[in-house]
Amino acid sequence: MHGTEAPSDWVQRWSHLVAPGGRVLDVACGHGRHMRWFAGRGHPVTGIDRSPEAIAAVAPLGRAIEADIENGPWPLPGERFDAVVVTNYLWRPLWPTLLDSLASGGVLLWETFSVDHATVGRPSRPEFLLRHGELLTLCQDLRVVAYENGFALQPERFIQRVVAVLAPGTGDATPPRFLLDGPGDGARMPVGDH
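The numbering scheme is per chain: residues are counted from 1 as the chain's sequence reads. Restriction of local features to residues with pLDDT of at least 70 applies here, the model being predicted, together with a cutoff of 80 or more for giving and counting side-chain atom pairs; totals for whole chains, interfaces and linings are based on all residues. Hydrogen atoms and water are omitted, and side-chain values are computed over all heavy atoms in the structure.

## Concerning the sheet that holds strand 1 (residues 24-27)
Definition in use: Two strands qualify as a pair provided that DSSP identifies no fewer than 2 bridges between them. Each helix is a run of DSSP H or I of at least 4 residues and each strand a run of E of at least 2, with the numbering of both proceeding from the N terminus. Helix axes are fitted to C-alpha atoms over the stretch in contact, other axes to C-alpha atoms as well, and angles between N-to-C directions run from 0 to 180 degrees.
With respect to topology, seven strands assemble into an open sheet ordered 3-2-1-4-5-7-6, the strand pairing being mixed. Each edge of the sheet is formed by a strand with only one pairing partner; in this case those strands are strand 3 (63-66) and strand 6 (143-152). Averaged over neighbouring strand pairs, the angle between their axes works out to 10 degrees when direction is ignored. In terms of strand pairing, strand 1 meets strand 2 (residues 45-49) through four bridges, oriented parallel. The partner of leucine 25 across the bridge, within strand 2, is threonine 46.

## Notes on the environment of alanine 57
For clarity, the threshold we go by: Here the term buried applies to any residue with accessible area under 20% of the maximum for its type, exposed to any over 50%, and partly exposed to those in between, with areas from a 1.4 Å probe on protein chains only.
With respect to the helices and strands, alanine 57 occurs in helix 3 (residues 52-58). What makes alanine 57 partly exposed here is its relative accessible area of 35%. For the pair alanine 57 and glycine 30, spaced 27 residues apart in sequence, the C-alpha separation works out to 8.7 Å.

## Remarks on the pairing of strand 6
Sheet analysis places strand 6 next to strand 7 (residues 157-165), joined by nine bridges and oriented antiparallel. Residue pairing across strands places tyrosine 147 opposite valine 162, the latter belonging to strand 7. Count of turn residues in the strand 6/strand 7 antiparallel hairpin: four residues, of which glutamine 154 carries a positive phi of about 50 degrees.

## Things to note about the pairing of strand 5 (residues 102-113)
Counting buried positions along strand 5 yields 11 of 12 residues, so the element is predominantly enclosed. Where strand 4 (residues 81-87) and strand 5 come together, six bridges link them in parallel fashion. For valine 84, the partnering residue across the bridge sits in strand 5 and is leucine 108. Bridge count between strand 5 and strand 7: seven bridges; the pairing is antiparallel. In the sheet register, threonine 112 faces strand 7, and the bridge partner there is glutamine 160.

See below:
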């Protein structure tokens with residue numbers, strides 16, 4: 001069942017970039033594996049999914065919104081989040097809305113299947129699979145901190161993933177520092193000068 005497995009290693013690895021106490025949006029949240037991850041670290045969380053069962057399951061974690069974001073209006077117009085998390089989901093018409101949902105300094109954490117995945121399983125339809133480098137194109141106006149495009153095991157899958165930040169203008173010569181390895185002690189590290 002989508003959302004009951006362990007949080008994505010990618011999301012766990014890069015969650016230190018989300019500002020302490022920052023608001024997190026989990027898109028197509030399923031049963032809330034990433035909502036649980038961030039709520040457990042003190043973040044207010046919002047999850048969106050079209051499944052009433054999934055929304056009922058995540059309601060105790062934070063704000064839970066049942067919405068068909070592919071065929072209906074975006075349920076959070078004008079809201080900004082310190083992190084937008086998308087895993088195992090792709091609906092290209094929603095891209096501008098998701099990017100617009102990032103607050104200044106907000107982190108985009110995205111991981112989903114790439115085009116070669118059709119050779120090993122589902123999904124296999126092109127509209128649900130990223131073309132090579134497509135997440136980099138999507139993030140061209142953000143600061144890309146990390147990007148991967150390759151094959152993963154257990155389960156076997158071809159995936160593409162990115163972490164990118166809507167970097168605020170600093171007004172000085174000191175660039176923000178995005179820690180690649182995290183703080184090591186499990187503490188969160190906000191985006192900015194460290």
